[in-house]
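Coordinates in review
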Amino acid sequence: MTEAMIRKKPGMASVKDMPVLQDGPPPGGFAPIRFARRIPNKGPSAIAIFVAAFGTFSWGMYQVGKGNKIRRALKEEKYSARRAILPVLQAEEDERFVKEWHKYLEYEAEVMKDVPGWKVGESVYNSGRWMPPASGELRPDVW
């Protein structure tokens with residue numbers, strides 16, 4: 001809408017001659033403004049969330065307990081198998097040790113043949129107890 005149509009006169013006029021057109025509220029006024037805090041009641045309640053979390057935690061701990069029992073049974077089975085074959089492994093090691101010990105005694109007799117009073121295989125310690133050789137002494141494959 002042009003100014004001329006509003007004033008119903010052609011051309012420019014003084015601002016004072018123009019009719020006052022002011023925006024105002026619609027008839028009956030504006031609708032009231034909602035300024036109160038209105039949070040919708042959607043979703044589960046706090047009790048429902050707590051019960052669900054507690055149930056989930058309980059179920060998870062039950063699963064952990066079941067897994068621990070299974071893991072414990074597998075570990076016991078492994079240790080039982082190790083205990084079962086331990087005598088066989090020890091016998092094999094003892095047999096290997098005896099063979100290496102005889103080789104060691106032959107080597108000692110050859111090296112110390114010129115030393116008077118040397119007794120092959122006799123301990124150089126005076127404790128009276130049998131002392132096993134130091135670790136790896138009779139294990140040339142480990143050297």
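Conventions used here
Residues numbered from 1 in each chain as written. Predicted model: local features only at pLDDT ≥ 70, side-chain atom pairs only at ≥ 80, totals over all residues. Heavy atoms only, no water. UniProt positions renumbered as here; feature names shortened; annotations may be inferred. Helix = DSSP H or I, 4+ residues; strand = E, 2+ residues; numbered from the N terminus. Contact = heavy atoms within 4.5 Å. Areas by Shrake-Rupley, 256 points an atom, 1.4 Å probe, with all protein chains shown as cover. Phe/Tyr/Trp six-rings, centres within 6.5 Å; stacked < 30°, edge-to-face > 60°. Buried < 20%, exposed > 50% of the residue type's maximum accessible area, 1.4 Å probe, protein only. Salt bridge = Lys/Arg side-chain N within 4 Å of Asp/Glu carboxyl O. Bend = angle between axes of the 7 residues up to and from the residue. Patch = residues over 30% accessible without salt bridge, like charges linked within 9 Å, V, L, I, M, F, W, Y side chains within 5 Å.

The name an unreviewed UniProt entry gives the protein chain is NADH dehydrogenase [ubiquinone] 1 alpha subcomplex subunit 13, with Arachis hypogaea as the organism. Annotation of the protein chain in UniProt includes, under Sequence similarities (unreviewed entry), the sentence "Belongs to the complex I NDUFA13 subunit family." UniProt annotates the protein chain under Function (unreviewed entry) with the comment "Complex I functions in the transfer of electrons from NADH to the respiratory chain. Accessory subunit of the mitochondrial membrane respiratory chain NADH dehydrogenase (Complex I), that is believed not to be involved in catalysis."

Structural notes on the overall build of the protein chain
Looking only at helices and strands, the protein chain has two helices and zero strands in total. If you take every contact in the protein chain between residues at least 6 apart in sequence, the share linking residues at least 24 apart comes to 39%. Entry remark: accessible area of the protein chain is about 13700 Å², with carbon and sulfur atoms responsible for 63%.

Observations regarding the UniProt feature "transmembrane region" (unreviewed entry) in the protein chain
Feature annotation in UniProt places "transmembrane region" (unreviewed entry) on residues 43–62, given in this structure's numbering. Helix makes up 85% of residues 43–62 and strand 0%, whereas the separation of the span's terminal C-alpha atoms amounts to 28 Å.

Observations regarding the packing of aromatic side chains
Enumeration according to the criterion identifies three aromatic pairs in this entry. Ring geometry for F97 against W101: centres 6.0 Å apart, planes inclined by 15 degrees, an arrangement best described as stacked. Of this pair, F97 and W101 both sit in helix α2 (residues 46–111), four residues apart, which is roughly one turn of that helix. Of the residues examined, F97 reaches a relative accessible area of 22% and is grouped as partly exposed. Members of the aromatic cluster, each reached through a chain of ring pairs, are F97, W101 and Y104.

Overview of the pattern of salt bridges
One pass over the structure, following the stated rule, counts five salt bridges. Among the ionic pairs, E76 bridges to R83, the shortest N-O distance being 2.8 Å. Residue classification places E76 among the partly exposed positions, given a relative accessible area of 42%.

Some points on α2
Along its length, α2 reaches its greatest deviation from straightness, about 40 degrees, at I85, and the proline P87 lies no more than four positions downstream. Listed in full, the buried residues belonging to α2 are E100, L105 and E108.

So, a nonpolar patch on the surface
Taken together, the side chains of V115, W118, V120, V124, Y125 and M131 make up a nonpolar region of the molecular surface, amounting to roughly 570 Å² of accessible area. Looking at where W118 falls in the secondary structure, it is placed in the segment after α2. The partly exposed category is assigned to W118, whose relative accessible area is 34%.

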